[in-house]
Structure formats: structure tokens, C-alpha cells
Amino acid sequence: MTMKIENNTGKTGLLKLYIDENGSKIFVRGSKDYGCFTLKNLAEFIFQIDCNGASFTVSEQNCAGQSAQRENKIYKTYHHSFFEVEVVYAAEDDVFRKRMRFTAKKALRIRYAKTELCKCDAPLRRGGEGQPILINEMAFMGIEFPASVNRITNDTILLEQSPFIDLAEGETFEFYPIVYGIGNSKSIEADFIDYIRKNRAETQRGLKIYGDWAAHDELSDSEPLDEAMALRLLRSLNNAKEKYNVSFDTYLMDAFWYEEKQPYTAFKKNTWPNGIQPFLVSLEKSGMDLGLWFDVNMEKLELNGYTKRQEGDYKLCLADPKVSDALFDGIEQQMRECRLTSIKLDFAYFECENKEHTYHSALKTESKEPAVRNFLHGIERLKKINPNLLILAYNGFTTDLKYLAYVDEKLCKYTVSPWWLFYLNYIYCGDPRPSEVPTRNLSNSIIYYTDAMIAQFVKSLIPFEGIDDHGTMIGKTGTIYNLKTEGFYDSWIMNISRGGQKLHLYGETDYLTEQHWKFIRDSREMFDFTCRPDNITTQILGVPNMERPYGYSNSNGYEGYITLVNCCNMEKIVSVSLEEWKFADNLEWEKIYAGDQMISGEKTIFAKSCTAVLPANSVTVYRWKYRMTEKQWEGVSLLCSGFEEKMTIPADADSVTFCFYQENGLPLRTHKGIPDGFEVQFQNATAELICKEFIWSGISWAKYQVTPDSTDEIFILLKNRTEINVTVKWQVGLKGVSKNLEKSI
């Protein structure tokens with residue numbers, strides 16, 4: 001018997017999943033069952049199990065099974081003498097998910113699990129550790145777990161976990177869900193990133209963090225962090241707030257605040273003789289919260305009595321629950337005692353190839369799962385205490401730690417799993433390091449390295465707002481190569497331009513002059529723009545680390561900022577053209593940053609593209625926006641299925657009317673005027689549909705009464721999420737005046 005579930009909650013319109021009597025899955029779109037793709041079932045699951053002193057491989061073929069459908073969910077239950085498995089397929093948000101619960105009937109160990117084995121009738125690509133499988137340009141799928149392995153061999157899909165978990169009789173284990181997402185744009189990669197954004201750990205936009213690393217650096221310098229240093233740095237921040245209106249939300253205290261030989265239960269006595277409480281009182285008066293640094297494998301604590309990754313190595317094995325419990329017990333204690341609002345987790349080693357450890361695989365990739373699982377359970381513990389806890393994940397969260405050491409364009413693997421962002425707010429893209437591009441100043445080369453790493457993260461499908469670029473670091477310590485404030489201004493602008501929506505200043509604030517603090521203040525307008533919900537960040541022009549200009553665009557489709565980086569040792573001329581400029585014939589472009597200064601440059605009017613002259617090893621920022629013309633008062637547009645278009649209308653608009661037509665030119669009549677699946681979104685204006693009634697005979701147009709929120713132009717976004725191409729004719733009413741101009745797009 002074939003069973004069906006439907007999903008009509010997202011931007012993709014009506015989706016259906018059919019599962020036939022053989023377990024094959026057929027995904028279709030729309031009421032007419034337009035076929036997308038089929039996953040021919042080879043195995044619902046395959047387990048490698050240890051039980052009664054022997055190892056067994058078991059699939060659903062060895063089980064008695066039954067299926068049922070209830071409330072738009074499909075349930076499958078499989079019975080074996082060792083276990084029972086319940087598989088549930090459901091529509092959740094705008095995706096489908098497969099969830100699987102395993103209940104032991106005898107004491108046993110699950111070593112390995114293939115939670116999906118199938119053949120696909122559409123082209124496959126990508127996959128790998130913590131990466132999704134992309135099905136043509138139609139869909140994505142994979143296990144929602146950063147240490148899973150989603151494999152592709154020709155047309156065969158194999159999704160794997162390595163639990164290495166012991167279950168007593170009656171105990172249950174839930175495998176990480178499998179997601180099936182259907183695309184609705186030109187790029188399935190873009191659809192997957194949107195899905196990650198939607199499920200990402202909730203993160204406040206516009207955070208401003210000060211971190212004291214680089215003011216001290218116990219790894220390469222002798223001056224330690226102590227109470228006197230922290231209070232001095234805090235006084236400097238308070239002075240900047242009072243004099244220059246520059247403030248920070250969080251003081252992030254970095255490494256070596258803790259007493260060694262204890263699992264984060266106390267501050268170091270010889271550097272914090274009065275404990276942390278006096279500093280917390282001063283911090284609270286300044287209006288800032290405290291964040292703390294933690295070494296995930298607790299190597300720097302030099303603990304005894306815990307399972308080590310290797311003998312002679314103080315890094316502990318997180319796959320041992322005793323180790324992970326000690327780590328999160330210590331963090332939880334500091335959260336409660338210090339009222340932490342953020343934590344920085346560093347030096348994470350999840351893999352462990354010690355063959356004496358029987359609670360994880362001896363293979364490098366497969367060994368990670370128990371450690372990552374324990375780690376994520378610990379994160380869930382912390383989130384119960386503070387659901388808004390900000391978690392910065394630094395070194396160790398990439399697929400391999402060596403991927404942060406240098407940029408290798410030949411790497412065939414992807415750098416980091418985007419599924420980390422379900423639990424963590426930011427993932428670090430690497431310490432400040434020189435790139436392979438020689439420069440006059442070391443600070444320039446560091447910028448190029450960071451941008452090359454960001455490109456690797458973007459290739460791994462990490463959204464820009466989930467990438468920690470290490471911010472701007474100043475100081476005379478080894479960690480920042482004794483650069484003091486060299487490159488400060490370019491670094492600060494890049495921290496804004498990369499779209500992380502977080503400002504992060506590290507280091508010795510005594511080096512910052514009045515000019516530096518005023519620059520930070522004056523750059524706030526640009527930073528605020530990048531934090532707007534409608535802003536989209538993209539990398540443009542060339543590839544960083546390739547000795548040719550590159551840059552970033554921050555745009556809402558109607559206005560934005562272009563940051564251009566010339567990593568060459570000679571002047572370069574570049575031509576810039578954005579997708580949103582394709583049909584624009586009246587744009588304004590103004591240089592606002594160059595030569596370490598915020599400036600007010602001459603405005604240039606251009607159409608579709610613009611040229612910029614870039615000095616050697618420079619960072620330059622331009623601000624652009626649409627200029628109003630009469631051509632924007634009426635127009636005609638063809639929107640293909642799945643496409644969208646932006647438009648601008650005058651600020652004194654009184655109303656706007658949309659008329660809809662089929663491809664054959666006939667009016668497209670619907671019961672509400674706007675076709676189902678077609679969206680009209682107004683920005684910086686309130687719009688009310690004049691006719692809200694259900695029109696039983698059908699109507700082909702919709703008229704909105706418009707009330708602008710400001711004196712700026714009104715921006716409108718049209719989205720065609722129907723299954724057909726739609727022609728839209730639109731006309732603006734200007735307080736009783738109607739303009740009769742046409743525009744063909």
C-alpha cells in the first residue's frame with residue numbers, strides 16, 4: 001500500500017512524499033503531482049550490533065514490520081529479537097524528516113548504523129562528512145549531525161552514523177534525523193543555506209564584543225592576565241563609552257583565568273587574589289556582561305584521573321562521558337556564579353584513534369560521533385540554563401584541524417559542517433595568519449588569509465552570519481605578531497563587510513587613540529546596515545588568495561555597500577556589476593572609505609555596472625542606491641515560476657495595483673486577486689489590500705492602499721512561488737495622479 005504525507009507550510013508551495021510498499025520514496029510538487037525525484041529503497045536501515053559476545057549485521061529484511069499512517073505522518077515499526085525500531089516520516093516546517101528510535105530488547109552495543117540506503121533517479125553531487133547530498137538542482141538530503149557521513153557512489157546514497165553506544169534492556173537511542181528539502185530557487189546550495197539559517201541557533205544581530213586576548217598571550221609571552229590588567233582594560237572601555245559613545249555588550253575573558261588541576265571550578269588564586277566577584281561588580285556598573293574561554297579537551301588544565309586521548313597527552317577524550325560531564329559541570333558552575341552570557345570554546349579534538357578506548361571506533365572519522373554526541377548533549381544542558389547563551393566555537397570544529405593552518409585550494413573535502421550551527425552561534429575560520437600572497441605590510445596579508453578561509457566556509461555552505469572572522473586584533477603580543485595597531489582601520493572595515501553581524505575587538509586598548517575610537521563610532525551606520533534582516537552578504541569579483549581583486553556586497557536589493565579589496569602590489573581597475581543592477585539604469589555610487597578614513601566622496605550616477613580604481617594593497621568601500629525615475633511608476637514584468645523581482649516606487653505613492661496574466665496573455669483570475677503562491681512584500685511601508693473578499697467568480701487584479709513609513713522610496717518584492725510563469729502589470733497611484741509609462745523587463 002502506498003502512503004502519502006503533504007507539506008504546504010513553506011515557500012516551496014505544496015509538496016508531497018509518497019512511500020510505496022517497497023519503501024521507495026517519491027517526492028512530487030504541486031496539486032498535479034509534478035514529479036521531482038525518486039529514492040528507490042535498498043534498505044531502511046542496516047545495523048552492526050554486538051550482543052551476547054558476538055557481532056551481527058541486521059537490516060529490516062531480518063525484521064517483522066508493519067506500517068500505518070496517522071495525522072499526516074507515516075509510521076513504520078520493525079521487530080527483531082534484539083530490538084524494536086520505530087521510523088517516522090513527517091512534514092516539519094518546509095522540509096520532510098525521517099526520525100528513527102531504537103529500543104533494545106537485550107543488552108547490546110550499536111557500533112555502526114546505515115540509516116538510509118537507496119538509489120536516486122536524478123544526478124547526485126557533494127556529500128561527505130557533515131555535508132548534505134544535493135540532488136540535481138531540486139533537493140538536498142542528509143543526516144542533521146556534523147559528524148555523520150553522507151556518501152555518494154554513482155547513483156547510490158548511503159547515510160551513516162557510528163554511535164558506539166551501549167544500551168541496557170529497555171533503553172532507547174534516537175538516531176539523528178534525516179532531512180529531505182525541496183528547492184525553490186535557482187540554486188539548491190542557496191536553498192540549503194536558507195534552511196540552515198532557519199534552523200540556526202538563535203543569535204542576536206549587532207553584537208559588540210571586546211576580548212582581552214592579545215593584551216595577554218601566555219602561549220608566547222610572559223605577561224599574564226590578572227585582575228589588575230582586566231580592570232585597566234575595563235576602565236579603557238568605560239572611557240571610550242563616555243568620551244566617544246562607543247560601547248560593547250560583552251567583555252570576553254580569554255584563556256588562563258582558571259586554576260590548573262581543577263575542571264574550571266575556580267579562578268587562578270595568584271592572579272585573582274580577590275576572586276572574580278569584585279571585577280563582576282565593576283563590569284555590571286559598566287553595563288557589560290561577562291564571557292569566558294574554555295579549552296574543550298581541557299589540555300591546559302593538566303588534569304589527572306580522566307581518560308586521555310593518548311598517554312603523555314593532557315588532551316582528554318570527550319567520548320568518555322566522565323570527561324564531557326566534567327567539562328560541562330565546570331562551564332555550568334561558571335555560568336551560574338559569573339552570570340555568563342557567552343562562552344568561547346577552543347581547541348576541540350573530537351577524533352580519537354586510541355584503540356584501547358572501546359567506546360568509540362578506532363577509525364578517525366568514525367571515532368568522532370560519541371565525542372560530538374556528548375558535546376552536543378552538554379550544549380543542550382547549558383541552553384536549559386540560558387537559552388540565549390552565545391557560543392563561539394573556535395579551533396577544532398572544522399572537519400580536520402589542519403584545514404585552518406593554511407588555505408589549500410586543492411582540498412577535495414569541505415572544511416566544516418553547516419549542521420554545527422544548529423547548536424553553535426559562530427564557527428571560527430582561523431587565527432590571524434599571513435596568506436600566501438606577499439604584501440608590503442603583514443596586516444594586509446592577514447586580511448587576505450581570513451577572506452580565503454571565509455570563501456572555504458562559504459563553499460562548505462556556512463552562511464556569512466555564522467562565521468567568526470576573529471574580528472580586529474591589536475597588541476604587542478606574539479598572537480598578533482607585535483603589530484600593535486597596524487592595519488586597524490582596514491581590519492575593522494573588513495570585520496563589518498564580511499556579514500558576520502558581530503563586531504569583535506581583541507587586544508590592548510591602550511594603543512587606541514581618539515582617532516581610532518571616533519572611527520569605530522563613525523563606522524556604526526555601515527555596521528547597522530549589515531545587521532538589517534533584509535541585508536544579504538555575498539563575495540564578489542575574484543577569489544581571495546589568488547592575487548587579484550575581490551570584495552563583498554552587502555545589499556537589500558535597493559541600496560547597499562560594496563567593499564573592494566586589491567590584494568595586488570599594484571594599482572588595479574575593476575568593473576563591478578551586481579545581479580540587482582541588471583535592469584537598473586539610474587544608480588548612485590559614492591566612495592565612503594579609503595586610505596584609513598571614512599570620507600564623503602563625489603557621487604557618481606551609473607547604469608548596470610561601475611568602474612573603480614583601487615590602489616595597491618587597499619581596502620575601499622562604496623555606498624550605492626537606486627535613484628527614482630518616472631519609469632518606476634508603472635511597468636510590466638514576466639516572473640517565471642520560482643523567481644522573484646524587486647521594484648521601487650515613489651515615497652508619495654497613495655496606492656499600487658497589480659494585474660496578473662497567464663503566459664498566453666489571458667487574465668489570471670483567482671478568488672483573491674493574488675494567485676496562490678504569489679507573494680507581494682512591502683518594505684518601509686504599510687500596505688492594505690483594498691478588496692479582501694473571496695470573489696467566487698474570480699478576479700485578475702489586486703490593489704493596495706499604501707502608507708509610507710518614511711520619506712524614502714518604497715521597496716516592493718514580488719515572489720512567484722506558483723507552478724506557472726506569471727506576467728504582472730503594475731501601476732502606482734500618486735494622490736490621484738496616474739502615470740502612463742510602460743517598462744518591459
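Structure: see above.
Residues numbered from 1 in each chain as written. Predicted model: local features only at pLDDT ≥ 70, side-chain atom pairs only at ≥ 80, totals over all residues. Heavy atoms only, no water.

Q: Whenever I open this one, the overall build of the protein confuses me. Can you help?
A: Helices and strands together make up the secondary structure of the protein, namely nine helices and 47 strands. Since a compact globule built from 745 residues should have a radius of gyration of about 27 Å, the 28 Å found for the protein is in line with a globular shape. Dimensions of the protein, computed from C-alpha atoms along their principal axes, come out at roughly 80 × 75 × 45 Å. Counting only contacts in the protein whose residues sit at least 6 apart along the sequence, the fraction spanning at least 24 positions is 70%. (Helix = DSSP H or I, 4+ residues; strand = E, 2+ residues; numbered from the N terminus. Rg over C-alpha atoms; globule rule 2.2 N^0.38 Å. Contact = heavy atoms within 4.5 Å.)

Q: I'm lost on the sheet that holds strand S45 (residues 714-720) in this one. Help?
A: Pairing between sheet strands relies on hydrogen bonds along the backbone, with the strands arranged either parallel or antiparallel. Pairing in this open sheet of three strands is antiparallel, and the strands run S40-S45-S42 from one edge to the other. This sheet does not close on itself; its edge strands, each paired only once, are strand S40 (644-649) and strand S42 (678-683). When strand polarity is set aside, the average angle formed by the axes of neighbouring strands in this sheet is 20 degrees. Sheet topology places S42 next to S45; six bridges connect them, and they run antiparallel. In the strand pairing of S45, glutamine 683 is matched with phenylalanine 715. (Pairing = 2+ DSSP bridges. Axes fitted to C-alpha atoms, helices over the stretch in contact; angles between N-to-C directions.)

Q: Any chance you could explain helix H3 (residues 277-285) here in plain terms?
A: Structural remark: α-helix, 3.6 residues per turn; residues separated by three or four positions point the same way. Taken together, the buried positions of H3 are occupied by Phe279, Leu280 and Leu283. Buried residues of H3, viewed axially, fall in a sector of 100 degrees; they line one side. Along H3, exposed side chains directed more than 90 degrees from the buried face belong to Glu284 and Lys285. As for H3, its buried residues are in contact with helix H2 (227-244), strand S22 (250-253), strand S23 (289-295) and helix H4 (321-338). Just downstream of H3 lies glycine 287, where phi reads positive at about 80 degrees. (Buried < 20%, exposed > 50% of the residue type's maximum accessible area, 1.4 Å probe, protein only. Arc of directions from axis to C-beta.)

Q: Any chance you could explain the pairing of strand S5 (residues 46-51) here in plain terms?
A: Put simply, side chains in a regular strand alternate between the two faces of the sheet. Counting buried residues along S5, five of its six residues qualify, which places the element largely inside the surrounding structure. Where S5 lies against strand S6 (residues 54-59), six bridges are found, and the strand directions are antiparallel. Bridge pairing in S6 places aspartate 50 opposite serine 55. Joining the antiparallel neighbours S5 and S6 is a turn of two residues, in which asparagine 52 adopts a positive phi near 55 degrees.

Q: Got a minute to help me understand the side chain of histidine 470 in this structure?
A: Assignment of secondary structure puts histidine 470 in the loop between strand S27 (467-468) and strand S28 (472-474). A polar contact of 3.3 Å, which involves the side chain of histidine 470, links it to the side chain of threonine 450. Excluding residues within four positions of it along the chain, histidine 470 makes contact with Tyr394, Tyr428, Gly430, Asp431, Pro432, Ile446, Thr450 and Tyr506. (Polar contact = N/O pair within 3.5 Å; in protein donor to acceptor, adjacent residues only side chain to side chain.)

Q: Just to check I follow, could you spell out the nonpolar core for this structure?
A: With 184 residues, the main nonpolar core has Phe102, Tyr251, Met253, Phe375 and Phe397 as its most contacted residues. The greatest single-element share of this core, amounting to eight residues, is contributed by helix H6 (residues 442-459). Beyond its immediate sequence surroundings of up to four residues, phenylalanine 397 is in contact with Val296, Leu345, Ala348, Phe350, Phe375, Val416, Trp420, Leu424 and Ile427. Formed by 23 residues, the second largest nonpolar core is a distinct cluster that contains Ala653, Phe658, Ala685 and Ala702. (Core = buried A, V, L, I, M, F, W, Y, C linked by side-chain atoms within 4.5 Å.)

Q: Explain empty space enclosed by the protein to me, please; I cannot follow it from the model alone.
A: The gaps of empty space that remain are located by a probe, the size of a water molecule, rolled over the atoms. Considering all chains together, one arrives at five cavities of 30 Å³ or more under this definition. Considering the residues around the largest cavity, the lining is formed by 17 residues, among which Ile446, His470, Met473, Ile480 and Ser491 are closest to the centre. It is H6 that contributes the most residues to the lining of the largest cavity, four residues altogether. The class makeup of the residues in the lining of the largest cavity is seven nonpolar, eight polar and two charged. What the second largest cavity holds in volume is close to 90 Å³. Lining the second largest cavity are 14 residues, and of these Glu129, Pro146, Lys368, Thr398 and Trp420 sit closest to its centre. Broken down by class, the residue content of the lining of the second largest cavity amounts to seven nonpolar, five polar and two charged. (1 Å grid on protein atoms, 1.4 Å probe; cavity = no way out; pocket = protein on both sides within 12 Å on 5 of 7 lines; lining within 4 Å. Points joined across faces, edges and corners; volume = space filled by probe spheres on them. Nonpolar A, V, L, I, M, F, W, Y, C, P; charged D, E, K, R; others polar.)

Q: It is not clear to me how the pattern of salt bridges should be interpreted in this structure. Could you clarify?
A: Side chains that differ in charge, positive against negative, can pair when their charged atoms come close. Evaluation of the coordinates by the stated rule reveals 49 salt bridges. Between lysine 344 and aspartate 254 there is a salt bridge; the shortest N-O distance is 2.7 Å. Residue lysine 344 is located in strand S24 (residues 342-346), and its partner aspartate 254 is located in the loop between S22 and H3; the two are separated by 90 residues in the primary sequence. With relative accessibility at 3%, the residue lysine 344 sits in the buried group. Residues joined in a network through salt bridges with shared partners are Lys25, Glu44, Lys76, Lys98 and Glu116. (Salt bridge = Lys/Arg side-chain N within 4 Å of Asp/Glu carboxyl O.)

Q: Mind showing me how you'd approach the sheet that holds strand S29 (residues 502-507) here?
A: Strands sit in the order S27-S26-S25-S24-S23-S22-S21-S29-S28 across an open sheet of nine strands; the sheet is parallel. Looking along the sheet, the strands with just one partner apiece sit at the ends: S27 and S28. Relative to S29, strand S21 (residues 207-211) is paired through five bridges, and the arrangement is parallel. Within the sheet, the bridge partner assigned to isoleucine 209 lies in S29 and is histidine 504. Where H2 meets the sheet, it contacts S21, S22 and S29, and its direction lies at approximately 155 degrees from that of S22. On the sheet, H3 packs against S22 and S23 and is oriented at approximately 135 degrees with respect to S23.

Q: Looking at this structure, I do not really get the side chain of threonine 115. What am I missing?
A: By the element assignment, threonine 115 lies in strand S11 (residues 108-120). Those residues in contact with threonine 115 that sit more than four places away from it in its chain are Glu44, Lys98, Met100, Ile143, Leu159, Phe175 and Ile178.

Q: Please clarify how the packing of aromatic side chains should be interpreted in this entry.
A: According to the stated counting rule, one finds 57 aromatic pairs in the structure shown. A centroid spacing of 5.7 Å and a plane angle of 75 degrees characterise the contact between phenylalanine 267 and tryptophan 272, whose relative ring orientation is edge-to-face. Accessibility assignment for this pair places phenylalanine 267 and tryptophan 272 in one class, buried. Pairing phenylalanine 529 with tyrosine 561 gives two aromatic rings, centres 5.3 Å apart and planes at 65 degrees, and the pair type is edge-to-face. Here the residue phenylalanine 529 occupies a position in helix H9 (residues 524-530), and tyrosine 561 occupies one in strand S32 (residues 559-566), the gap between them amounting to 32 residues. (Phe/Tyr/Trp six-rings, centres within 6.5 Å; stacked < 30°, edge-to-face > 60°.)

Q: Looking at this structure, how should I read unusual backbone geometry?
A: Glycine aside, the phi torsion of most residues is negative, and most peptide linkages are trans. Here the phi dihedral of asparagine 52 falls at roughly 55 degrees; this positive angle occurs in a residue that is not glycine. By secondary structure assignment, the location of asparagine 52 is in the loop between S5 and S6. Judged by relative accessible area, which is 62%, asparagine 52 ranks as exposed.

Q: Please explain H2 as it appears in this structure.
A: Between the first and last C-alpha of H2 there are 25 Å, a value that for 18 residues agrees with the 26 Å anticipated at 1.5 Å per step. When we look at burial in H2, the residues that qualify are Glu227, Met229, Ala230, Leu233, Leu234, Ser236, Leu237, Ala240 and Tyr244. If you follow the buried residues of H2, they end up packed against S21, S22, H3, S29 and helix H8 (514-522). Asparagine 245 lies just past H2 and shows a positive phi near 60 degrees. (Expected span 1.5 Å × (residues − 1).)

Q: Help me understand the packing of H6 against helix H7 (residues 488-497) in this model?
A: Between two packed helices, both the angle of their axes relative to each other and the distance between the axes serve to describe the pair. Where H6 contacts H7, the two axes come as close as 10 Å, and the packing angle between them is 15 degrees. By the angle between their directions, the pair H6 and H7 is classed as roughly parallel. Once H6 is placed against H7, the crossing between them reads as right-handed. Together, Asn444, Ile447 and Asp451 of H6 and Asp490, Ser491 and Met494 of H7 make up the contact between the two elements. (Parallel < 35°, antiparallel > 145°, perpendicular 65-115°, else oblique. Left-handed = near helix turned anticlockwise from the far one by under 90°.)

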